[in-house]
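Read off the chains here:
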Amino acid sequence: MTLDDLARPETPESEAPPTPAPSKPGAWSALRPLVLRLHFYAGVLVAPFLLVAAVSGLLYALSFQAEKIVYAHELEVPVGDTALPLSRQVDIAREADPDGTVTAVRPGAEPGATTRVLMSDPDVPEGTSLAVFVDPYTGDVRGQLPSYGSSGALPLRTWIDGLHRDLHLGELGRNYSELAASWLWVLALGGVLLWAGRRRKNRRALVLPERGPKSRRRTLSWHGSVGLWAALGLVLLSATGLTWSRYAGENIGTVQDALGGATPTLSAGTAPSSEHAGHEGHQGHGGGRGHGGTSPQGQDIGLDKAVEAARAAGIDSPWISVTLPAEGKGYVIKETDTQFPVELDSVAVNPADGTVLDRLRFSDHPLLAKLTRIGIDAHTGVFLGLFNQLALAALALALVLLILWGYRMWWLRRPGRPVARGTWRKVPVTLLLPIAAATAAVAWFVPLLGVSLLLFLLVDLALALVSKVRARSRTA
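Only a predicted model underlies this, so the values are computations on that prediction, with no experimental measurement involved.

Go over the packing of helix H1 (residues 27–70) against helix H11 (residues 386–412), please, and point to the residues and values.
As a packed pair, H1 and H11 sit with axes 8 Å apart at the nearest point and diverge in direction by 150°. With respect to H11, the axis of H1 lies roughly antiparallel. The chirality of how H1 crosses H11 is left-handed. For the contact of H1 with H11, the residue count by class is 21 nonpolar, four polar and no charged.

Quick look at the structure:
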């Protein structure tokens with residue numbers, strides 16, 4: 001039995017009795033076998049990659065709350081009467097790790113939250129900072145942990161994130177997640193077309209799964225209904241995941257820049273600048289070692305007054321990150337509240353006199369830059385907090401179930417009659433040519449999708465040749 005033996009479409013119980021076929025089949029009648037064959041092959045061959053991505057994504061969505069439990073000692077302290085000056089807390093962190101260099105500070109945004117002092121340290125893994133957790137009321141050091149990326153992920157979430165991103169295999173492993181993201185939107189949209197194109201006795205059967213004895217038809221009903229409800233979320237996950245992928249992400253960044261959607265950057269040089277230029281890298285499943293950390297020569301107003309100057313300039317969110325000045329640079333104070341409505345303004349403060357060198361408002365970002373940032377934050381579970389994380393967990397669980405139901409239908413359908421090859425010949429040329437052109441463009445823009453699609457075609461051709469050889473041997 002081959003893959004072809006399991007690719008036969010089956011009429012579910014919910015379909016109306018057969019009706020006389022029209023004399024001239026419509027466009028969908030010609031396209032449906034083609035879409036079905038693609039959905040089947042991609043579902044069977046890409047599903048293992050999607051399953052790994054879905055399971056690791058589910059774990060990642062739950063890791064936010066798990067961190068609060070696992071690292072409760074480092075993150076939470078009893079609320080005191082008064083907090084120590086931020087500069088004093090930084091000095092305490094320096095005393096706890098004299099070999100490290102302070103690069104940034106994240107004050108606790110809520111009562112009872114510790115202050116994170118981020119340091120570059122030779123003993124932490126590449127691409128991470130050392131976070132020293134200081135009790136803002138007593139000055140006690142509650143612990144030291146590696147901190148990763150702009151979201152400040154701690155070791156538990158960092159490990160799960162690496163599993164989801166590249167299976168801890170580095171650049172080679174990133175191909176797995178890009179392949180999964182490349183096909184997820186194709187499978188989701190193809191599944192919606194196939195499910196919506198079936199005839200049914202009532203509309204309820206379109207959006208709600210059928211009841212009845214356990215069978216392939218019932219499994220198909222659950223697969224289709226859940227897939228229909230989850231389709232939009234899965235397409236958004238695919239699109240946002242591709243934005244920082246290795247190959248498609250490059251193309252997306254190029255197009256975004258060409259359309260004027262590059263993310264502006266803050267000028268932190270001690271010489272004021274009125275222009276914003278450059279393009280920030282996507283931050284979510286990534287990050288790097290902090291730079292700088294050395295105070296510039298000459299007068300320095302200090303950390304506390306720099307934060308006061310930023311507050312006076314409009315940085316009013318309790319969720320902030322302060323990057324210490326390097327040589328020739330100023331303090332950079334950024335809002336980090338990604339929950340709606342987002343507060344992501346930032347200012348650069350001159351360490352010599354506390355004047356504002358530059359200010360960057362999130363409201364001034366180009367629309368594409370805003371959408372990219374919000375999309376990535378939503379993909380990584382930080383846009384809407386707990387609601388965002390629960391939605392991600394629900395989507396990941398739905399994808400796991402869709403894959404398992406798909407494989408169950410494959411198993412229950414054996415043996416079967418495959419969708420006939422050559423159905424593309426029945427598609428009108430006026431429709432076939434635009435589809436072929438669009439497919440080629442998408443395959444170029446999303447390279448791993450194009451390469452794997454070509455592989456599927458080669459497999460299909462190989463199976464066709466095997467079938468012909470077997471048929472000739474039987475007639476010989």
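Go over the pairing of strand E4 (residues 141–148) with me, naming the residues and quoting the values.
Pairing geometry for strand E3 (residues 128–134) and E4, over seven bridges, is antiparallel. In the sheet register, Phe-133 faces E4, and the bridge partner there is Gly-143. If you look at the hairpin formed by E3 and E4, you'll find six residues sitting between the two strands, and Gly-139 has a positive phi there, around 85°.

Describe the side chain of Ser-321, naming the residues involved and giving the relevant values.
Within the element layout of this structure, Ser-321 appears in strand E5 (residues 320–323). Judged by relative accessible area, which is 11%, Ser-321 ranks as buried. Apart from the residues within four sequence positions on either side, Ser-321 is in contact with Ala-104, Val-105, Arg-106, Val-332, Ile-333, Lys-334 and Thr-336.

Give me the sheet that holds E5: which residues, what numbers.
With antiparallel pairing, eight strands are arranged side by side in an open sheet as E4-E3-E2-E1-E5-E6-E7-E8. Each having just a single partner strand, E4 and strand E8 (356–360) make up the two edges of the open sheet. Taken over all neighbouring pairs, the strand axes of this sheet differ in orientation by 20° on average, direction set aside. The pairing of strand E2 (residues 115–120) with E3 spans five bridges and is antiparallel. Directly across from Met-119, in E3, lies its bridge partner Leu-130. Packing against the sheet, helix H3 (residues 86–96) makes contact with strand E1 (101–106), E2, E3 and E4, and its axis sits at approximately 50° to E2.

Residues and numbers for the nonpolar core, please.
With 37 residues, the main nonpolar core has Leu-50, Trp-183, Leu-184, Leu-234, Leu-237 and Leu-399 as its most contacted residues. Within the residue set of this core, elements represented by two or more residues are H1, helix H5 (174–196), helix H7 (216–242), helix H8 (248–258), H11 and helix H13 (447–475). Setting aside residues no more than four positions away along its own chain, Leu-234 makes contact with Leu-184, Ala-188, Leu-395, Leu-399 and Leu-402.

Give me the environment of Asp-316: which residues, what numbers.
Within the secondary structure, Asp-316 is located in the loop between helix H9 (303–312) and E5. Once the C-alpha coordinates of Asp-316 and Asp-345 are considered, the two residues, 29 residues apart in sequence, prove to be 9.3 Å apart. In contact with Asp-316, other than residues within four places in its own chain, are Arg-311, Glu-335 and Glu-343.

For the packing of aromatic side chains, give the residues involved together with the corresponding values.
Within this structure, the stated rule accounts for six aromatic pairs. When the ring of Trp-183 is compared with that of Phe-456, the centres are 5.2 Å apart and the planes differ by 45°; the resulting orientation is tilted. Taken as a pair, Trp-183 in helix H5 and Phe-456 in helix H13 lie far apart in primary sequence, 273 residues in all. Note on accessibility: Trp-183 and Phe-456 belong to one class, buried. Considering the side-chain rings of Tyr-407 and Trp-410, the 5.6 Å spacing of their centres and the 35° angle between planes classify their relative orientation as tilted. Of this pair, Tyr-407 and Trp-410 are both found in helix H11, three residues apart, which corresponds to roughly one turn of the helix. With a relative accessible area of 25%, Tyr-407 lands in the partly exposed category. Accessibility expressed as a relative area gives 22% for Trp-410, which makes it partly exposed.

Any chance you could break down the side chain of Ser-147 for me, citing the residues and the numbers?
When you line up the elements, Ser-147 lands in strand E4. Under the relative-accessibility criterion, Ser-147 is labelled buried at 5%. In this structure, Ser-147 is in contact with Arg-116, Leu-118, Thr-128, Ser-129, Ala-131, Gly-152 and Ala-153, ignoring residues within four places of it in sequence.

So what's going on with the UniProt feature "transmembrane region" (unreviewed entry) in the protein? Which residues, and what values?
Per the UniProt record, "transmembrane region" (unreviewed entry) is annotated on residues 38–62, 180–198, 219–239, 386–407, 427–446 and 452–471. Segment residues 180–198 splits into 89% helix and 0% strand. End C-alpha atoms: 27 Å apart. Secondary structure across residues 427–446 comprises 85% helix and 0% strand; the distance between its end C-alpha atoms is 25 Å.

Give a description of H8 that names residues and reports values.
An α-helix turns once per 3.6 residues; consequently, residues spaced three or four apart project the same way. All buried positions along H8 are accounted for by Ala-248, Gly-249, Asn-251, Ile-252, Gly-253 and Gln-256. Summarising the contacts, the buried residues of H8 are in contact with H5, H7, helix H10 (367–379), helix H12 (429–445) and H13. Positive backbone phi, at 75°, marks Gly-260, one or two positions downstream of H8.

Please give an account of the environment of Leu-367 that cites residues and values.
Inspection of the secondary structure assignment puts Leu-367 in helix H10. Of the residues examined, Leu-367 reaches a relative accessible area of 61% and is grouped as exposed. Spatially, the C-alpha atoms of Leu-367 and Gly-261 are 6.7 Å apart, while their sequence positions differ by 106 residues.

How would you sum up the pairing of E8? Please name residues and give values.
When strand E7 (residues 346–349) meets E8, the two strands line up antiparallel, connected through four bridges. Bridge pairing links Val-349 to Val-356 in E8. In this antiparallel pair of consecutive strands, E7 and E8, the connection spans six residues, and Gly-354 shows a positive phi of 80°.

What counts and what doesn't
- Residues numbered from 1 in each chain as written.
- Predicted model: local features only at pLDDT ≥ 70, side-chain atom pairs only at ≥ 80, totals over all residues.
- Heavy atoms only, no water.
- Axes fitted to C-alpha atoms, helices over the stretch in contact; angles between N-to-C directions.
- Helix = DSSP H or I, 4+ residues; strand = E, 2+ residues; numbered from the N terminus.
- Parallel < 35°, antiparallel > 145°, perpendicular 65-115°, else oblique.
- Left-handed = near helix turned anticlockwise from the far one by under 90°.
- Nonpolar A, V, L, I, M, F, W, Y, C, P; charged D, E, K, R; others polar.
- Pairing = 2+ DSSP bridges.
- Buried < 20%, exposed > 50% of the residue type's maximum accessible area, 1.4 Å probe, protein only.
- Contact = heavy atoms within 4.5 Å.
- Core = buried A, V, L, I, M, F, W, Y, C linked by side-chain atoms within 4.5 Å.
- Phe/Tyr/Trp six-rings, centres within 6.5 Å; stacked < 30°, edge-to-face > 60°.
- UniProt positions renumbered as here; feature names shortened; annotations may be inferred.

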